[in-house]
Amino acid sequence: MSRIAGILGKEDDRGQFAAELKEAWKDFQDEYVTPNGRIASDSQAAYALAICFDLLTPNQRVHAGNRLVELVRKNEFKIGTGFAGTPYLCEALTLTGHIQVAYSMLLEKKCPSWLYPVTMGATTVWERWDSMLPDGSINPGEMTSFQPLCLWRHCQVSLGEDRRLTEARTGLETLPCSAIYRSRAYLCLCVSCHAVWPSFVLVGNNPCRGRSA
């Protein structure tokens with residue numbers, strides 16, 4: 001909000017939002033984070049969100065990334081996050097230098113994981129990781145659906161350095177923009193050959209000519 005206000009020339013608002021951000025960041029640090037980066041809620045989601053939302057100091061970020069790896073390995077590379085943390089899980093791992101761990105999570109097939117539904121014949125993203133149980137029966141619990149869910153379960157892996165967009169056009173105006181965009185690719189699974197391809201490879205040219213999910 002502070003950057004948007006600056007782009008719009010609203011300096012008073014920019015200063016106010018910047019001050020609120022600084023205060024909120026300090027409150028989060030004081031309440032939930034130790035000096036070495038251990039977060040009160042010692043979970044995959046807590047570390048993923050803190051890393052991706054820049055809520056940690058550089059030193060804390062290193063320790064948080066290492067702790068996230070420990071939690072992921074302890075859980076045998078299975079997903080331990082819900083709506084809030086899942087989209088940021090692999091990104092947090094790659095941002096802290098653990099891209100191989102991110103790929104190990106992506107390729108894990110035991111439930112809960114991104115590939116477990118595929119092993120059960122899925123071509124959509126289920127509402128529950130185990131909407132179909134390993135024995136082929138339907139989960140009798142609530143909120144069982146095989147229809148495509150929103151993008152909350154997608155996986156992102158950073159591919160390169162941050163790139164700065166020098167200007168952005170909106171309508172007929174040209175506005176200076178200091179926003180930084182991180183280069184990403186969405187990883188897609190081909191249900192024909194079970195190979196994982198970056199999304200930009202699949203645009204108009206699926207390598208195996210199969211379908212992607």
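Every value quoted in this text rests on a predicted model; they were computed, and no experiment measured them.

Colleague: Explain the overall build of the protein here, please?
Modeller: Looking only at helices and strands, the protein has 8 helices and 5 strands in total. In the protein, the order of α-helices and β-strands from amino to carboxyl end is α-α-α-α-α-α-α-β-β-β-β-β-α. The 213 residues of the protein split such that 35% are buried. Long-range pairs, those at least 24 residues apart, make up 49% of the contacts in the protein between residues at least 6 apart in sequence.

Colleague: Whenever I open this one, the packing of aromatic side chains confuses me. Can you help?
Modeller: Geometry of an aromatic ring pair is reported as the spacing of the ring centres plus the angle between the planes. Enumeration according to the criterion identifies 4 aromatic pairs in this entry. With 5.2 Å between their ring centres and 80° between their planes, Phe53 and Tyr88 make a pair best called edge-to-face. Highlighted residues: Phe53 in the loop between helix H3 (44-52) and helix H4 (58-74) and Tyr88 in the loop between H4 and helix H5 (89-95), separated in sequence by 35 residues. A residue is classified by how much of its surface remains accessible, and Phe53, at 46% relative accessible area, is partly exposed. A residue is classified by how much of its surface remains accessible, and Tyr88, at 27% relative accessible area, is partly exposed.

Colleague: What am I meant to see in the confidence of the model for the protein here?
Modeller: Interpreting fine coordinate detail is not advised for predicted regions of low pLDDT. The predicted model of the protein has a mean per-residue pLDDT of 76, with 69% of residues at 70 or higher. Overall, residues 157-213 carries pLDDT values under 50, and its contacts beyond four positions in sequence, including any with other chains, amount to 108 contacts.

Colleague: I'm lost on the pattern of salt bridges in this one. Help?
Modeller: Should the charged atoms of two oppositely charged side chains come close, the side chains can pair. According to the stated counting rule, one finds 7 salt bridges in the structure shown. Residue Glu76 pairs with Lys78 through a salt bridge whose shortest N-O separation is 3.2 Å. Arg128 is paired through a salt bridge with Asp130; the nearest N and O atoms lie 3.5 Å apart. A residue is classified by how much of its surface remains accessible, and Arg128, at 26% relative accessible area, is partly exposed. One connected set of salt bridges, linked through shared partners, spans Asp42, Arg67 and Glu70.

Colleague: Which parts of the structure should I look at to understand a nonpolar patch on the surface?
Modeller: A surface patch of nonpolar side chains, amounting to about 340 Å² of accessible area, comprises Met1, Ile4 and Leu8. Relative to the helices and strands, Met1 resides in the segment before helix H1 (2-7). When its relative accessible area of 63% is taken as the criterion, Met1 is described as exposed.

Colleague: Just to check I follow, could you spell out unusual backbone geometry for this structure?
Modeller: Note: most peptide bonds trans; most residues except glycine with negative phi. A cis geometry characterises the amide bond from Cys111 onward to Pro112, with omega recorded as 0°. Examined against the element boundaries, Pro112 turns out to sit in the loop between helix H6 (99-107) and helix H7 (116-119). Unusually for a residue other than glycine, Asp54 sits at a positive phi of about 55°. Within the element layout of this structure, Asp54 appears in the loop between H3 and H4. Located in the positive-phi region is Glu76, a residue other than glycine, with phi close to 60°. Turning to its location among the elements, Glu76 is positioned in the loop between H4 and H5.

Quick notes on the rules
Residues numbered from 1 in each chain as written. Predicted model: local features only at pLDDT ≥ 70, side-chain atom pairs only at ≥ 80, totals over all residues. Heavy atoms only, no water. Helix = DSSP H or I, 4+ residues; strand = E, 2+ residues; numbered from the N terminus. Buried < 20%, exposed > 50% of the residue type's maximum accessible area, 1.4 Å probe, protein only. Contact = heavy atoms within 4.5 Å. Phe/Tyr/Trp six-rings, centres within 6.5 Å; stacked < 30°, edge-to-face > 60°. pLDDT = per-residue confidence, 0-100. Salt bridge = Lys/Arg side-chain N within 4 Å of Asp/Glu carboxyl O. Patch = residues over 30% accessible without salt bridge, like charges linked within 9 Å, V, L, I, M, F, W, Y side chains within 5 Å. Areas by Shrake-Rupley, 256 points an atom, 1.4 Å probe, with all protein chains shown as cover.

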